Amino acid sequence: MPILKNLPARLKGGSRVNGELENTRGELILRKMSLNLKSSAFEEPSDNEKWAQANSLLDGGVPRDRNPFEDEEDENEANEERRGGKSSFKGTLERIRGVSPLKTLGKLGKGLRMSGRSKGTATPSPQGSVASTPTSEKKKKGRRSSEGSLLRFAGKCRESLRKESLTNGELCSESEGGDSSSRRLSFMKMVGLGKLKRESMADHSSHEEEVVEEEVVEEVKPREPLSVLEILQLVTKRDLFLADTHILELEQECNEAAAATLPSSPAGGAIPEDLNSPGSKDGGRRKAKDVELLYEALQKELWAVVRESLRSPTAGPNLGLVVQVLQQEEQADRDWAQGEGALPGGPRPRQLKQQWKEALAEAANGSLPQRNEAQGGELADYLDRVRTRVVEDLGAAKRNVVPVYPEEYEPFQVYLKSYHQAVARRLQSITDDQLLITDIYSLLDWLYNIYNKDVLGTVSMTMPFNRSKLGPLLPSETVDKLEQDCLNSVREKVTTELSQVLDEEEKRWMETLHIEEYQITLARTVIQRLQVDLEQSAAINRNLGSRVAQCSLNGLADFLYSFQRKVEMFHEGLVNMVGDNEDGYVSKTIALVNCCPPFRGFVQRCVQCDPAISEDSARRANTSLDRIVNQGVKVLSDRLYERIRPFFDKLVKRKWLNNTETYEQIESHIKEHFKKFRRVDSPPYQVLVGEVHRRVLMEYLRSIMRGRIICTSFRMRKRMAGRLRDEGKQMEVLFKDLESPSSWLDSAIPHLSEIILLEDIPSIQMEVGVLVREFPDIRKKHVSAILNIRGMTRQTERQEILNIVKDIENSDTLTRLSRDRALFSEVPVTSEVHCLNLGLSRIALTASSCFSSLRPRRTKRAPVREAYDDML
């Protein structure tokens, strides 16, 4: 029909009022006014129904149950009707009911054109303009989402479809009742065809002018704000900066609406009634909720991008949008703070930059291994996994994230601080539980060394940062508690565990006495238990190592005293043991002595950690060890002396001058015993061989000082001096082979042999002086006994020689050297020559000297005297 073709474009296109509801209704009017259109129950869904299905918010990912406003729909629709949003449509239906179709179409087209011109004064939107109300010209252009929030959008769509179906029913009934009008229209066409053509041409020309006018208006109209759903779609598509821009605009609308509803207007005038209406207040509340929901969705996507960007080299663009959003929100916070309406308690300031830091901290906490992965005794492995993850994530942040942020954000410092705080929370949760001592050492080592060296040290090599902003991982009180737990563990070991070990070892000594064993595990067991704490604490830091060493040394000194007492009781019970178990007793004694060198070395190591503090404990420990060694050496040397003492009684007798068997037996027994004595570890072995050396030589000198031989001739003196010289040489070789440290003892016998052999007084005086200087503990009685053996009876000569000893005894040298060289002090002078025999010997010597004076003097001694003169 020509009339239908020339309908105004406003009627065909419609306008988008209330979410395109008016456009839908206009299309329904056009369809029902067609004479050939028949309604059917099986027709295809209309375009409006398809749009409603395609644009349903329920299909866009919003949950169906998020509609807390469904119980308010009836009230809100009533408010809409009071504002007049639906009255114009219903009035149009009333006017066209029962009226001629031609007149109805003409009036309707004219009314729509007038309505379109009146609405053209407002700012049009790309999808239609809002129906005018009495206060619409005073308001700002409306937003499509103002009809409802995200939570109500699904309900509104369903309500629009229901109303559309009701409208279609009314129009169908009216179309069926108008058949007579359509027949009358055919008759009028036959009568007034020319008139109709003129009218149709006039309508067509007016329609073209209106279309041209509308097209011109559409070219200059401004951008319409996006709906809430469209902003949400921008967020989900991660067009974050644009979405934030529209959210800020929506927030500004909410602020303006809230400011307009205050008790007094800015100009002091009355507030329009429509601003205080319930519908206006509900719309403002819905908009405010929409803003908050949009900000929640925006922040969710922002922090998701932040988390994903850490390990994604291609996340730069999205992360750049995050940075732009943060900067834009910071500017919005500053503008809000500088504005007049900045009141506390509102949504501003949003402080997205601070929330960004909190999001980084949360992401770092989630990236680290969880606390429940740290099992008892395996804390070192767990902390190593934490270290690896921190280093890897910070390296990824440096490569992928840091270049995107501006410098004023200090991104690397923020990332490092986030992981530092996450590690601190892990360690704090670990220390809240009871830890094993091995885990405590692992935690302290990780805290003092590994984290600072392998984590912060590695990171600082590639990216500098400020360590003072990080703070400690654990409070100082917690660290002190952990260190005190280490000290308590050491005390527990030395007081309880080591005491039990010593008691068990003491029982084993008696049970294994029949077994020859020269080593026991006591020292190794004790040192291993204490050494673990000492090494681990020293590796952590010097202060803790010193405290643990002091604690270990104090406990060890007490333990060694107990060990000394048990050794003494062991020897007291078995000192007189003979028989089959004697070899076992000797071997057990050697084994106990062999425990001392390891203990002494461990004591010295503890002393090195802090010499000033450990002096008293070290002295007590060394004293106990010295007593154990000395007692063991005494037991062993006594066992040897009991075997060789009978042979010393046969020395320095007349048979001894011609028989070497006695000394050979002494040397044989010494070698035999030292086959076992060599099992003694150093340095106690040097103490043992030195003591045997001193005691053998002392017994040999005691045999000489008995004076059982008095030389009556030069020949006899020569034989005796030669024998002394030979056996002295043999003893020197023997103890040299035994690695004796007391080689200074070897010169005593050669000096005595020279005193016996020499003839002239000056040479004897010189030799006595050398002897006294090398052995400061020698006394006049010892020299007098040697002169008796030599057969010197002249008192004048004897006194000249003894004066040399008296002068050295009165000097300071004797007092200074007597502490180091003590040999003759333990050699008593017990002459077995009776006074009568001595007198007869002197008479014999005087007669012999008279006879010798009658013979010519031999000159073969001259070289000897010259040699002594050279020595002087």
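The structure displayed is predicted, hence computed values, not measured ones.

Points about the overall build of the protein
So, point 1. A count of helical and extended segments in the protein gives 35 helices and 0 strands.
So, point 2. With 872 residues in all, the protein has 43% of them scored as buried.
So, point 3. A sequence separation of at least 24 residues applies to 81% of the contacts in the protein between residues at least 6 apart.
So, point 4. In the form shown here, the protein has an accessible surface area of approximately 46,700 Å², with 51% of it arising from carbon and sulfur atoms.

Considerations on the pattern of salt bridges
So, point 1. The final tally for this structure, using the stated rule, is 38 salt bridges.
So, point 2. Glutamate 251 serves as the salt-bridge partner of arginine 350, at 3.0 Å between the closest nitrogen and oxygen. Highlighted residues: arginine 350 in the loop between helix H14 (316-338) and helix H15 (352-367) and glutamate 251 in helix H12 (residues 240-260), separated in sequence by 99 residues. For the pair arginine 350 and glutamate 251, a shared accessibility class is recorded, and that class is buried.
So, point 3. In this structure, the salt-bridge partner of aspartate 384 is arginine 387, at a minimum N-O distance of 3.1 Å.

Quick word on the packing of helix H22 (residues 582-594) against helix H24 (residues 615-648)
So, point 1. H24 packs onto H22 with a crossing angle of 150° between their chain directions and a minimal axis gap of 9 Å. It follows from the interaxial angle that H22 and H24 lie roughly antiparallel. Considering the relative orientation of H22 and H24, their crossing is left-handed. Across the interface between the two elements, Glu582, Tyr585, Val586, Thr589, Ile590, Leu592 and Val593 from H22 touch Ile628, Val629, Gly632, Val635, Leu636, Arg639 and Arg643 from H24.
So, point 2. Of the residues assigned to the contact of H22 with H24, the class counts are 9 nonpolar, 2 polar and 3 charged.

Description of the environment of threonine 830
So, point 1. Tracing the backbone shows threonine 830 in the loop between helix H33 (812-817) and helix H34 (835-854).
So, point 2. Residue threonine 830 is classed as partly exposed on the basis of its relative accessible area of 39%.
So, point 3. Taking the C-alpha atoms as reference points, threonine 830 and methionine 705, separated by 125 residues in sequence, lie 6.6 Å from one another.
So, point 4. Setting aside chain neighbours within four positions, we find threonine 830 in contact with Met705 and Arg706.

Digging into the packing of aromatic side chains
So, point 1. Across all of its chains, the model carries 13 aromatic pairs by this definition.
So, point 2. Aromatic ring contacts, followed pair by pair, group Trp509, Phe559, Phe563, Phe570, Tyr585 and Phe599 into a single cluster.
So, point 3. The ring of tyrosine 295 has arginine 350 sitting right over it, with the charged end atom 3.7 Å from the ring centre.
So, point 4. The ring of tyrosine 518 carries the charged tip of arginine 679 above its face, separated from the ring centre by 4.3 Å.

Observations concerning the side chain of serine 742
So, point 1. By the secondary structure assignment, serine 742 is in the loop between helix H28 (714-737) and helix H29 (748-757).
So, point 2. Aside from chain neighbours lying at most four places away, what touches serine 742 is Gly690 and His693.

Regarding unusual backbone geometry
So, point 1. For the bond running from serine 682 to proline 683, omega is 0°, close enough to zero to count as cis.
So, point 2. Structurally, proline 683 is set in the loop between helix H26 (661-677) and helix H27 (684-705).
So, point 3. Non-glycine residue arginine 238 carries a positive phi angle of around 65°.
So, point 4. Looking at where arginine 238 falls in the secondary structure, it is placed in the loop between helix H11 (228-236) and H12.
So, point 5. Positive phi is not limited to glycine here, since glutamine 351 has a value of about 50°.

Remarks on the environment of threonine 589
So, point 1. Of note, threonine 589 is situated in helix H22.
So, point 2. Under the relative-accessibility criterion, threonine 589 is labelled buried at 0%.
So, point 3. In this structure threonine 589 touches His571, Gly632, Val635 and Leu636, once residues within four positions along its chain are discounted.
So, point 4. Engagement of the side chain of threonine 589 in a polar contact is seen with the backbone oxygen of tyrosine 585, the distance being 2.8 Å.

So, helix H23 (residues 596-609)
So, point 1. In this model, H23 (14 residues) spans 21 Å end to end at C-alpha, consistent with the 20 Å of a helix rising 1.5 Å per residue.
So, point 2. When H23 is considered as a whole, its buried residues turn out to be Cys596, Pro597, Phe599, Phe602, Val603, Cys606 and Val607.
So, point 3. Each element contacted by the buried residues of H23 is listed here: helix H20 (522-540), helix H21 (542-574), H22, H24 and H27.

Quick word on the confidence of the model for the protein
So, point 1. Overall, the predicted model of the protein reaches an average pLDDT of 73, with 63% of residues at or above 70.
So, point 2. Summarising per-element confidence for the protein, the mean pLDDT is lowest in helix H9 (residues 179-191) (39) and highest in H26 (94).
So, point 3. Note on residues 1-73: pLDDT is under 50 here. Beyond four places in sequence and across chains, it has 116 contacts.
So, point 4. Confidence over residues 204-209 falls short of pLDDT 50; this stretch has 5 contacts with residues more than four positions distant or in other chains.

Some points on the state of the cysteines
So, point 1. According to the stated counting rule, one finds 0 disulfides in the structure shown.
So, point 2. Cysteine 595 provides the cysteine sulfur closest to cysteine 596, a residue in no disulfide bond, and the two sulfurs are 6.8 Å apart.
So, point 3. Judged by relative accessible area, cysteine 596 falls into the buried class, the value being 1%.

Regarding the side chain of serine 418
So, point 1. Along the chain, serine 418 turns up in helix H17 (residues 411-431).
So, point 2. Residue serine 418 is classed as buried on the basis of its relative accessible area of 4%.
So, point 3. Serine 418 has contacts with Lys357, Leu360, Ala361 and Ala364, leaving out every residue within four places of it along the chain.

Observations regarding the nonpolar core
So, point 1. Counting 106 residues, the largest nonpolar core has Phe563, Phe599 and Met720 as the members making the most contacts within it.
So, point 2. In terms of residue count, H24 provides more of this core than any other element does, 13 residues in total.
So, point 3. Not counting residues within four places of it along the chain, the set of residues in contact with methionine 720 comprises Val652, Trp656, Leu657, Ile709, Cys711, Ile756 and Ile789.
So, point 4. Judged by nonpolar contacts, the second largest core, of 80 residues, contains Ile231, Leu319, Phe412 and Val414.

Focus on H20
So, point 1. Here H20 spans 28 Å end to end across 19 residues, near enough to the 27 Å set by a 1.5 Å rise per residue.
So, point 2. Of all bends in H20, the biggest is about 30°, found at glutamine 531.
So, point 3. Those residues of H20 lying buried are Leu522, Ala523, Val526, Ile527, Leu530, Asp533, Leu534, Ser537 and Ile540.
So, point 4. Those residues of H20 that are buried lie in contact with helix H18 (437-462), helix H19 (476-511), H21 and H23.

About the cut-offs
Each chain has its residues counted from 1, running along the sequence as written. Totals for whole chains, interfaces and linings use every residue, but because this is a predicted model, local features are given only for residues with pLDDT of at least 70 and side-chain atom pairs only at 80 or more, for both listing and counting. Based on all heavy atoms of the structure, the side-chain values leave hydrogens and waters out of the count. Think of it this way: any DSSP run of H or I at least four residues long counts as a helix, any run of E at least two long counts as a strand, and we number them from the N terminus. For every residue, the accessible area obtained with a 1.4 Å probe (protein chains only) is divided by the maximum for its type, and the residue is called buried under 20%, exposed over 50%, and partly exposed between those limits. What makes two residues a contact is simply this: any of their non-hydrogen atoms within 4.5 Å. A 1.4 Å probe and the Shrake-Rupley method give the accessible areas. Residues count as covered only by the protein chains that appear here. What counts as a salt bridge is simple: a side-chain nitrogen of Lys or Arg found within 4 Å of a carboxyl oxygen of Asp or Glu. Fitted lines through C-alpha atoms serve as axes, helices being fitted only where they are in contact, and the angles separating the N-to-C directions of these axes extend from 0 to 180 degrees. Any angle that falls under 35 degrees is termed roughly parallel, while one over 145 is termed roughly antiparallel, one within 65 to 115 roughly perpendicular, and all others oblique. Note on convention: the crossing is left-handed when the near helix lies turned anticlockwise from the far helix by less than a right angle, right-handed when the turn is clockwise. Residue polarity follows a fixed list, in which Ala, Val, Leu, Ile, Met, Phe, Trp, Tyr, Cys and Pro are nonpolar, Asp, Glu, Lys and Arg are charged, and the others, Gly among them, are polar. In this analysis, rings of Phe, Tyr and Trp, with Trp reduced to its six-membered ring, are considered paired at centre separations within 6.5 Å, and the interplanar angle assigns stacked below 30 degrees, edge-to-face beyond 60, and tilted for intermediate values. Only lysine NZ and arginine CZ atoms are considered, and such an atom sits over a ring when it is within 6 Å of the ring centre and within 35 degrees of the ring normal. For the purposes of these results, a polar contact is taken to be a pair of N or O atoms within 3.5 Å, where, inside protein, one atom must be able to donate a hydrogen and its partner to accept one; residues adjacent in sequence count only when each atom of the pair is a side-chain atom. An expected span of 1.5 Å times one less than the residue number is assigned to each helix. pLDDT is a per-residue confidence score from the predictor, ranging from 0 to 100. We call a pair of cysteine sulfur atoms a disulfide whenever their separation is within 2.5 Å. In this description, a nonpolar core means a group of buried Ala, Val, Leu, Ile, Met, Phe, Trp, Tyr and Cys residues linked to one another through side-chain atoms lying within 4.5 Å. Bend angle per residue: angle between axes fitted to the 7 residues ending at that residue and the 7 residues starting there.

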